[in-house]
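Residue-level listing of the chains:
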Amino acid sequence: MKNILILGSLPKTEEEKILYETIIEIAAEIAETVKSPIDTANFKWAEGERYQRAFQTVADADLVIWEQSKPSTWQGMEVRECDYLNKPLIVVAREWSKVSGLVKWCPATKEI
């Protein structure tokens, strides 16, 4: 597998950053490239670049992993793009999280 994209809310706490780093570490065992919200937080974009970058990273991904313990505005559009492009999508969330029904029933979502 070449590219894995990890979606989720931007990490605001050290705990959230560690969670993403753990997912990145696991994904890096099977992918050449792993992109995550940590990359997005560090990305400096010009007007309009963020939109193009978001959809290009989905298009380039072989697999998308969405950490959905916390709601995030942008990812709904990216999840829809996964469905449109037939990209496999794995949703992970902490036990106490409430995963949206729209996400659960998105055809791109793979339940484990």
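Residues numbered from 1 in each chain as written. Predicted model: local features only at pLDDT ≥ 70, side-chain atom pairs only at ≥ 80, totals over all residues. Heavy atoms only, no water.

**A look at the side chain of Glu67**
Along the chain, the position of Glu67 falls in strand β3 (residues 63–67). For Glu67, a relative accessible area of 5% gives the class buried. (Helix = DSSP H or I, 4+ residues; strand = E, 2+ residues; numbered from the N terminus. Buried < 20%, exposed > 50% of the residue type's maximum accessible area, 1.4 Å probe, protein only.)

**Some words on the nonpolar core**
In terms of nonpolar packing, the biggest core is built from 12 residues, these being Leu5, Leu7, Val58, Ala61, Val64, Trp66, Val79, Cys82, Leu89, Val99, Val103 and Cys106. Apart from residues no more than four positions distant in its own chain, Ala61 is found in contact with Asn3, Leu5 and Lys87. Formed by 9 residues, the second largest nonpolar core is a distinct cluster that contains Ile6, Ile23, Ala31 and Leu63. (Core = buried A, V, L, I, M, F, W, Y, C linked by side-chain atoms within 4.5 Å. Contact = heavy atoms within 4.5 Å.)

**As for helix α3 (residues 49–60)**
Over its 12 residues, α3 runs 16 Å from end to end, which matches the ideal 16 Å to within 8%, given 1.5 Å per residue. Buried residues of α3: Ala54, Phe55, Thr57 and Val58, and no others. Taken down its axis, α3 places every buried residue within 155° of arc, on the same side. (Expected span 1.5 Å × (residues − 1). Arc of directions from axis to C-beta.)

**Observations regarding the pattern of salt bridges**
For the structure shown, the criterion picks out 2 salt bridges. The partner of Glu21 in a salt bridge is Lys17, and the shortest N-O contact between them spans 4.0 Å. Here Glu21 pairs with Lys17, and both are found in helix α1 (residues 14–28), just 4 residues apart, close to one helical turn. In this structure Glu21 comes out as partly exposed when scored by relative accessible area, which is 36%. Look at Lys17 and you get partly exposed, because its relative accessible area is 34%. Here Asp83 ties to Arg80 by a salt bridge, and the two come within 3.1 Å at their closest N and O atoms. Here the residue Asp83 and the residue Arg80 both occupy positions in helix α4 (residues 75–84), the gap between them amounting to 3 residues, near one helical turn. A relative accessible area of 48% places Arg80 in the partly exposed class. (Salt bridge = Lys/Arg side-chain N within 4 Å of Asp/Glu carboxyl O.)

**Points about the pairing of strand β1 (residues 3–7)**
Where burial is concerned, most of β1 is hidden: 5 out of the 5 residues are buried. Residues Asn3, Leu5 and Leu7 of β1 are buried on one face, and the alternating residues Ile4 and Ile6, pointing to the opposite face, are buried as well. The sheet contact formed by β1 and strand β2 (residues 33–35) spans 3 bridges and is parallel. Bridge assignment links Leu5 to a residue of β2, and that residue is Lys35. In this sheet, β3 lies alongside β1 in parallel orientation, the contact comprising 4 bridges. (Pairing = 2+ DSSP bridges.)

**So, the environment of Cys82**
Tracing the backbone through its elements, the reader meets Cys82 in helix α4. A relative accessible area of 0% means that Cys82 is categorised as buried. Note: C-alpha distance between Cys82 and Cys106 (24 residues apart in sequence) is 9.2 Å.

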